[in-house]
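Structure at a glance
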Amino acid sequence: MAGVEAPCALIVMGVSGSGKSTVAEALGERLGWRFEDGDSFHPASNVEKMRAGHPLTDEDRWPWLNAIADEIARVCGRGEHVIIACSALKHTYRDVLLRGRDDVRFVFLRGTKELIAARLAQRKGHFMPPELLTSQFNTLEPPEASEHVITVSIDESVEAIVDGVVRQLRLVADKRKAIEPEVAKPKVLP
């Protein structure tokens, strides 16, 4: 299989409840890359606002997006790799995350509002209440091909989603480790 140079960062994006953290963590395990949950970059004021059921404004998001972009720049500057779960719902947000880089790829987890609402209703202990899902879909500007995006449907198993992403990346990976999707061992999820 012909491969391409591995991006230094993958940003797994989508609305709340689409499986960003789960898929990003599984991708990290498959590729041997570090996983970071974008939620951990939110200032406490954003978390409290969402916990109270209030959607974030763009002004709330800029410091959060810049903190993630700073981490991407740091990791890429050191020649490392990272996978970050981050909603990245608007084109302008993705522009902030990229900062003009061409060595970062987005993985868009696409799903219906009904499927995601059902998942959110079963989720316990997360600060994003299910009532904010409508505002997430209203904000979502699906990424375009020019944004270096891989789009996958979330109506498959985590393993199938990861397989699809790895296959679409067509990685040779870095000089330390080749990634061959055809022989990658499947992860068994509970």
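Conventions and cut-offs
Residues numbered from 1 in each chain as written. Predicted model: local features only at pLDDT ≥ 70, side-chain atom pairs only at ≥ 80, totals over all residues. Heavy atoms only, no water. Helix = DSSP H or I, 4+ residues; strand = E, 2+ residues; numbered from the N terminus. Contact = heavy atoms within 4.5 Å. Areas by Shrake-Rupley, 256 points an atom, 1.4 Å probe, with all protein chains shown as cover. Core = buried A, V, L, I, M, F, W, Y, C linked by side-chain atoms within 4.5 Å. Buried < 20%, exposed > 50% of the residue type's maximum accessible area, 1.4 Å probe, protein only. Pairing = 2+ DSSP bridges. Axes fitted to C-alpha atoms, helices over the stretch in contact; angles between N-to-C directions. Salt bridge = Lys/Arg side-chain N within 4 Å of Asp/Glu carboxyl O. Arc of directions from axis to C-beta.

**Here we look at the overall build of the protein chain**
Across its full length, the protein chain holds seven helices and five strands. The secondary structure elements of the protein chain, listed N-terminal to C-terminal, are β-α-β-α-α-β-α-β-α-α-β-α. Considering only residue pairs separated by 6 or more positions, the protein chain has 79% of its internal contacts joining residues 24 or more positions apart. When the accessible surface of the protein chain is split by element, carbon and sulfur atoms take 52% of a total near 9500 Å².

**What about the nonpolar core?**
Of all hydrophobic cores here, the largest spans 51 residues; its most connected members are Leu27 and Cys86. When near neighbours in sequence (up to four residues on either side) are disregarded, Cys86 contacts Ile11, Val12, Met13, Gly14, Lys20, Trp64, Leu65, Ile68 and Leu97.

**Things to note about the sheet that holds strand β2 (residues 34-37)**
With parallel pairing, five strands are arranged side by side in an open sheet as β2-β3-β1-β4-β5. A strand with exactly one partner marks an edge of an open sheet, and here the two such strands are β2 and β5 (149-153). Geometrically, the sheet is characterised by an average inter-axis angle of 20° between neighbouring strands, direction not taken into account. Two strands pair when backbone bridges link them, and β2 and strand β3 (residues 82-85) are joined in this way by four bridges, in the parallel orientation.

**Quick word on the pairing of strand β4 (residues 104-110)**
Taken across its seven residues, β4 has five buried, putting it largely inside the fold. Here strand β1 (residues 9-13) pairs with β4 via five bridges, running parallel. Each bridged residue has a counterpart across the sheet, and for Val12 the counterpart in β4 is Val107. Where β4 and β5 come together, five bridges link them in parallel fashion.

**What to know about the pattern of salt bridges**
Summed over all chains, the structure comprises 13 salt bridges. Two residues, Arg34 and Glu36, come together in a salt bridge whose shortest N-O distance is 2.4 Å. Two residues, Arg61 and Asp58, come together in a salt bridge whose shortest N-O distance is 3.8 Å. With Arg61 and Asp58 both in helix α3 (residues 58-77) and three residues apart, this pair spans about one turn of that helix. Residue Arg61 is classed as buried on the basis of its relative accessible area of 10%. Counted as one network, the salt bridges with shared partners bring together Arg34, Glu36, Glu71 and Arg74.

**Details of helix α2 (residues 44-51)**
Working note: α-helix, 3.6 residues per turn, so residues spaced by three or four point in the same direction. Those residues of α2 that fall on the buried side of the exposure criterion are Asn46, Val47 and Met50. Projected onto a plane normal to the axis of α2, the buried residues spread over an arc of 100° and lie on a single side. In α2, the exposed residues that point more than 90 degrees away from the buried face are Ala44 and Ser45. Residues of α2 that are buried sit in contact with α3. Just beyond α2, the residue with positive phi is Gly53, at close to 90°.

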